[in-house]
Amino acid sequence: AVRQLHREFLRAGSNVLQTFSFYASEDKLENRGNYVAEKISFQKVNEAACDIAREVANEGDALVAGGVSQTPSYLSCKDKAEVKAVFRKQLDIFVKKNVDFLIAEHFWERTQGEESYLSAMLLEPCYLTTTPLPGGGLSAQTSRSTHLITMLVHHLQMCMKKWGDFYSFTPVFIILKPRIVSRWDVQNYARKAYDLGIRYIGGCCGFEPYHIRAISEELAPERGFLPEASEKHGSWGNSLSMHTKPWVRARARKEYWENLKPASGRPYCPSMSKPDGWGVTKGSRELMQQKEATSDQQLKELFQKQKF
């Protein structure tokens with residue numbers, strides 16, 4: 001299943017396959033009832049992630065990026081030496097497996113990200129991804145996908161102004177669920193990011209192969225080819241040109257989908273919702289690491305807090 005998922009992203013046009021090793025740090029694999037580290041071993045999980053990613057990358061022209069995980073040790077306020085040791089263990093495997101580069105993926109807290117970046121200097125290059133939303137990662141609030149896309153492009157503009165060409169080689173991620181952001185939103189974002197000079201564009205939580213395919217199709221003129229997955233997919237709804245109803249046939253064009261503003265019309269539909277933002281950060285009780293699975297009493301306390 002893991003191999004096939006990699007293959008779907010490759011067919012969608014990915015130039016980079018990231019090892020599926022997010023939250024595969026040793027401490028996370030023994031946190032809150034997760035006993036994978038004891039049953040299989042932390043090393044085997046991460047080595048398998050590297051081997052499978054490399055196997056599929058060799059089927060095409062793709063690089064392999066080692067995904068450096070966040071660590072609950074940091075949020076549990078363990079000292080710097082312990083936190084760096086957790087990162088080091090995962091990085092040692094990436095060095096052993098000779099990945100092409102590293103991604104310190106989606107660090108909520110800047111300090112934790114800096115620590116992983118310093119540790120990762122034993123293998124270069126390394127890309128650090130953070131959360132650019134207002135209020136910081138753990139307390140970030142988002143609304144409509146179209147609003148968020150605009151917000152992210154504005155963030156890119158600020159970064160380009162601050163760091164210039166350096167930032168054009170830094171990854172850009174959209175942290176969204178697939179039912180919030182459509183492939184049309186992603187194509188729009190990819191075009192705006194590319195026009196700003198960004199040359200490494202991807203997705204994080206919730207991104208599926210068809211989102212990556214949308215980026216590949218939008219940037220096909222610049223790349224000089226369409227991804228393999230596009231062989232079974234008509235661009236911009238062109239198959240609607242065969243529809244019986246004329247108003248549906250009229251949707252078979254790029255301009256229609258570029259300007260589409262999807263909404264269900266219901267007052268509390270997902271496109272108008274906001275995710276929970278409790279404002280918790282490093283040291284908060286709810287973030288503390290524990291080996292035992294979350295108890296029913298702990299869940300009741302969380303459910304009660306969520307109501308307010």
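Residues numbered from 1 in each chain as written. Predicted model: local features only at pLDDT ≥ 70, side-chain atom pairs only at ≥ 80, totals over all residues. Heavy atoms only, no water.

Notes on the side chain of Ser25
- With respect to the element layout, Ser25 can be found in the loop between strand S1 (16–18) and helix H2 (36–39).
- Judged by its relative accessible area of 1%, Ser25 falls in the buried class.
- One polar contact links Ser25 to Asp27, side chain to side chain, over a distance of 2.6 Å.
- In this structure, Ser25 is in contact with Phe42, Ser69, Gln70, Thr71, Pro72, Val86 and Gln90, ignoring residues within four places of it in sequence. (Helix = DSSP H or I, 4+ residues; strand = E, 2+ residues; numbered from the N terminus. Buried < 20%, exposed > 50% of the residue type's maximum accessible area, 1.4 Å probe, protein only. Polar contact = N/O pair within 3.5 Å; in protein donor to acceptor, adjacent residues only side chain to side chain. Contact = heavy atoms within 4.5 Å.)

Description of the packing of aromatic side chains
- In total, this model carries five aromatic pairs according to the counting rule given.
- The interplanar angle of 35 degrees and the centroid separation of 4.8 Å between the aromatic rings of Phe22 and Tyr23 together place this pair among those described as tilted.
- A relative accessible area of 31% places Phe22 in the partly exposed class.
- Aromatic side chains Tyr256 and Trp257 sit 4.9 Å apart centroid to centroid with 90 degrees between the ring planes, which places their arrangement in the edge-to-face category.
- On the basis of relative accessibility, which here comes to 25%, the residue Tyr256 falls in the partly exposed class.
- Chaining the aromatic ring pairs together yields one cluster made of Trp184, Trp236, Tyr256 and Trp257.
- The ring centre of Tyr23 lies 4.3 Å from the NZ or CZ of Lys28, which sits over that ring.
- If you follow Arg199 out to its NZ or CZ, it ends over the ring of Tyr194, 3.7 Å from the centre. (Phe/Tyr/Trp six-rings, centres within 6.5 Å; stacked < 30°, edge-to-face > 60°. Lys NZ or Arg CZ within 6 Å of the ring centre and 35° of its normal.)

A few points about unusual backbone geometry
- One non-glycine residue, Tyr23, adopts positive backbone phi at about 60 degrees.
- Turning to its location among the elements, Tyr23 is positioned in the loop between S1 and H2.
- In this structure, Asn98 takes a positive phi of about 55 degrees despite not being glycine.
- When you line up the elements, Asn98 lands in the loop between helix H5 (80–96) and strand S3 (101–107).
- Owing to a relative accessible area of 57%, Asn98 belongs among the exposed residues under this scheme.

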